[in-house]
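Okay, here's what each chain looks like letter by letter:
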Amino acid sequence: MMESPLCKRLREARLAANFSQKKLGIAAGMDQFSASARMNHYEMGRHTPDYSTLKRIANVLNLPVAYFYADNDELAIIINLFDKLKKEEKDVVIEKLTHMV
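In this text the structure is predicted, and so the values were computed from the model without any measurement.

Each value, and the rule that gives it
- Residues numbered from 1 in each chain as written.
- Predicted model: local features only at pLDDT ≥ 70, side-chain atom pairs only at ≥ 80, totals over all residues.
- Heavy atoms only, no water.
- Salt bridge = Lys/Arg side-chain N within 4 Å of Asp/Glu carboxyl O.
- Helix = DSSP H or I, 4+ residues; strand = E, 2+ residues; numbered from the N terminus.
- Buried < 20%, exposed > 50% of the residue type's maximum accessible area, 1.4 Å probe, protein only.
- Axes fitted to C-alpha atoms, helices over the stretch in contact; angles between N-to-C directions.
- Parallel < 35°, antiparallel > 145°, perpendicular 65-115°, else oblique.
- Contact = heavy atoms within 4.5 Å.
- Nonpolar A, V, L, I, M, F, W, Y, C, P; charged D, E, K, R; others polar.
- Left-handed = near helix turned anticlockwise from the far one by under 90°.
- Core = buried A, V, L, I, M, F, W, Y, C linked by side-chain atoms within 4.5 Å.

What follows covers the pattern of salt bridges. All told, the structure shown has six salt bridges when counted by the stated rule. Of the charged contacts, one joins arginine 11 and glutamate 43 as a salt bridge, the two residues approaching to 3.8 Å between their closest N and O atoms. Highlighted residues: arginine 11 in helix 1 (residues 5-16) and glutamate 43 in helix 3 (residues 35-44), separated in sequence by 32 residues. Ionic pairing is found between arginine 14 and glutamate 43, a salt bridge with its closest N-O pair at 2.4 Å. With arginine 14 in helix 1 and glutamate 43 in helix 3, the pair connects residues that are 29 residues apart, well separated along the chain. Here arginine 14 matches glutamate 43 in class, with each residue buried. Linked through salt bridges whose partners overlap, the residues forming this network are Lys8, Arg9, Glu12 and Asp73.

Here you go:
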């Protein structure tokens, strides 16, 4: 069975943001007594957060939800960087990419 990229990306993003599992879970609106266990289950792939939960986690980590589902590291980086651009900058990137492929 193939592991979801969500597990890896969630753990890496949490550690990069210097959050414990409990601290991230609480910041994303989880009950303080179950936050650590829930985040652990998500990172281990035992459970998958629903969209609204992942959206709250992504907001805390300042990442787009799509980042967690990117199949490879390069795509994850591009998704994250693109999300941080202003609208005009995104338009330029899309235009350039359109002409490259």
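The discussion continues.
The N-to-C vectors of helix 1 and helix 3 enclose an angle of 130 degrees; their axes lie 7 Å apart at closest approach. Considering their axes alone, helix 1 and helix 3 lie oblique with respect to each other. Taking contact as the criterion, the partners of Leu6, Cys7, Leu10, Arg11 and Arg14 in helix 1 are, on helix 3, Met39, Tyr42, Glu43 and Met44. Of the residues in the contact of helix 1 with helix 3, the class split is six nonpolar, no polar and three charged.

Let us look at the packing of helix 1 against helix 4 (residues 51-61). Their axes nearest at 10 Å, the elements helix 1 and helix 4 cross at an angle of 35 degrees. The element helix 1 and its partner helix 4 pack so that their crossing is left-handed. Residues Leu6, Leu10, Ala13 and Arg14 of helix 1 lie in contact with helix 4, whose contacting residues are Leu54, Ile57 and Leu61.

A few words now on the nonpolar core. Ranked by internal contacts, the top residues of the largest apolar core, which has 20 residues, are Leu10, Leu24, Met39, Ile57, Leu61 and Phe68. Beyond its immediate sequence surroundings of up to four residues, leucine 61 is in contact with Leu10, Ala13, Arg14, Ala17, Phe19, Leu24 and Phe68.

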